[in-house]
Amino acid sequence: MNPIFKGGIPRLFFFVLVILAIVFMVSDLNSPRTRDARNVLSLIMTPIQWLVDMPTRIADDLSDVLVSRRSLVKDNTQLRSEVILLDQKVQQMDSLTTENLRLRELLSGRERIRNNVQLAELIGVNPDPFQHQIILGKGLEDGVFMGQPVLDARGVLGQVVDVSHYTCRVMLITDARHALPVEINRNGFRAIALGKGSLEELELEYVPDTADIRVGDLLVSSGLGGRFPYGYPVATVSSVVRDPGRPFSRVKAVPAARLDKSRHLLLVEPVTENREESVNQQESSEVQMLNE
Amino acid sequence: MSKRRSGGIMIVVGTLIVGFILSQMPLPSMLVWWRPEWVAMIVIYWVMALPHRFGIGMAWVSGLALDVLKGSLLGMNALSLTTIAFITLILHRRLRMYPLWQQAMMVLVLVGINQLIFHWIQSLTGSTGDTLVFLLPAVVSAILWPWVFVVLRGIRRTFHVN
């Protein structure tokens, strides 16, 4: 056998690589500038993400094609009845909106602003069970930005934590590193909903024992962090434990969004303070809701 | 000679890409902790089989690619894959002599080291649980090793990568 390594085991090279990796990690943690490098690298890896998503996509398309007439008819009737129900709910919407506007004027409050939304499709899920992240098929090219809130049909889903050209990465509200300011829809009590690393559970931090909070209360986003728009459903309170031995009560909630099932998601354009004035002036012309 | 060499590299990169895809494949939530570390296994195989061509440099690059793909801290997989590639490099003569089950034991240890490095870095950056389930992929990888080994050896022999 020939000698394989002329200079023996490449120890020096190994140390150089280890130090390089550590430098990468530290700079990734500390400086936002590595994000550009990451964007370029993600661009190279994007085809692999598409490839991974291919089987699901094909299965979706196939199930669209190979569907029986009977189930189509059934779907159709079901959707029709749903439309009637929703129509009935919308009938009063216009008058209620105007009434709300008038009351807000009386209170000299601000107008409530509707948010621009953009539809995005899920193309991947982070396989690491410690990180609740999903990948969407919209990126910088579509105007996605860091911190953009993401909703599904039922409620708040998460926020964008990483953008590349054609994809973006969304951290779900149940990720152990995520926190979200919420309020109780019933009485406006404010709290912070923390992710616990489990898809079915959020926890409310620092809720005093005397707070008026009950099982079944709906939590909506309070908009206080300046990141999530006000008033979208976040979770439903599932348990309240008041233990006299603890300084705060333990409140758990079940997320409203279908975190592990939604495939079509909405990226929301949040309304920030300085933007609010201009949007207010030309609200009806500029802000439009995407009907989907 | 040189033409054949470049062809061999394409095969190695091809198996790595398959590894990347497998490591991203969605799994049912029951099995989410049981995902084998495909890329680590493929790196171990190529370092063991072709230590003069597939070294720790390649391991580092594939680790970085995996980091980007997984969205983990940039350099985390690079660090762990380089480490296990380095250990494999030291041990490769012995590993080649081992029967398959004994190799699988070594894979258990190597992927275990890989997972430990992950766990340390993740706990340094504050996102981890306090269970030992993060070691499960090492067990699954060891169980799957004989098949991975046979398949990769088949590929290597069919395409004369050496």
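Just so it is clear, the model here is predicted, and its values are computed rather than measured.

Cut-offs and rules
Residues numbered from 1 in each chain as written. Chains lettered and ligands numbered in written order. Predicted model: local features only at pLDDT ≥ 70, side-chain atom pairs only at ≥ 80, totals over all residues. Heavy atoms only, no water. UniProt positions renumbered as here; feature names shortened; annotations may be inferred. Helix = DSSP H or I, 4+ residues; strand = E, 2+ residues; numbered from the N terminus. Contact = heavy atoms within 4.5 Å. Buried area = accessible area lost by both parts, 1.4 Å probe. Salt bridge = Lys/Arg side-chain N within 4 Å of Asp/Glu carboxyl O. Polar contact = N/O pair within 3.5 Å; in protein donor to acceptor, adjacent residues only side chain to side chain. Expected span 1.5 Å × (residues − 1). Buried < 20%, exposed > 50% of the residue type's maximum accessible area, 1.4 Å probe, protein only.

What follows is about the UniProt feature "transmembrane region" (unreviewed entry) in chain B. Residues and elements named next belong to chain B. This chain's UniProt record puts "transmembrane region" (unreviewed entry) on residues 6-27, 39-61, 73-92, 104-121 and 133-152. Helix makes up 74% of residues 39-61 and strand makes up 0%, while its end C-alpha atoms are separated by 12 Å. Segment residues 73-92 splits into 85% helix and 0% strand. End C-alpha atoms: 29 Å apart.

Contacts between chain B and chain A engage 45 residues on the former and 35 residues on the latter. Both faces considered, chain B and chain A share a buried interface measuring about 3,700 Å² in area, 76% of it formed by carbon and sulfur atoms. Ranking the residues of chain B by area buried against chain A places Trp60(B), Val68(B) and Leu74(B) at the top, with a combined share of 17%. Applying the counting rule to chain B against chain A returns zero salt bridges. Across the chain B-chain A interface, the total number found is seven residue pairs in polar contact (both at pLDDT 80 or more). Among the elements of the structure, α1 (2-24), α3 (56-70), α4 (76-97) and α5 (100-124) of chain B are those that each provide at least two residues to the side of chain B that touches chain A. When residues in the side of chain B that touches chain A are grouped by element, the largest group, 11 residues, is from α4(B).

Our focus in this paragraph is helix α2 (residues 38-49) of chain B. Residues and elements named next belong to chain B. The first and last C-alpha atoms of α2 sit 17 Å apart over 12 residues, in line with the 16 Å expected at 1.5 Å per residue. For α2, the buried fraction is high: 12 of the 12 residues fall into the buried class. Inspection of α2 places Trp38, Val39, Ala40, Met41, Ile42, Val43, Ile44, Tyr45, Trp46, Val47, Met48 and Ala49 among the buried residues, and these make up the whole buried set.

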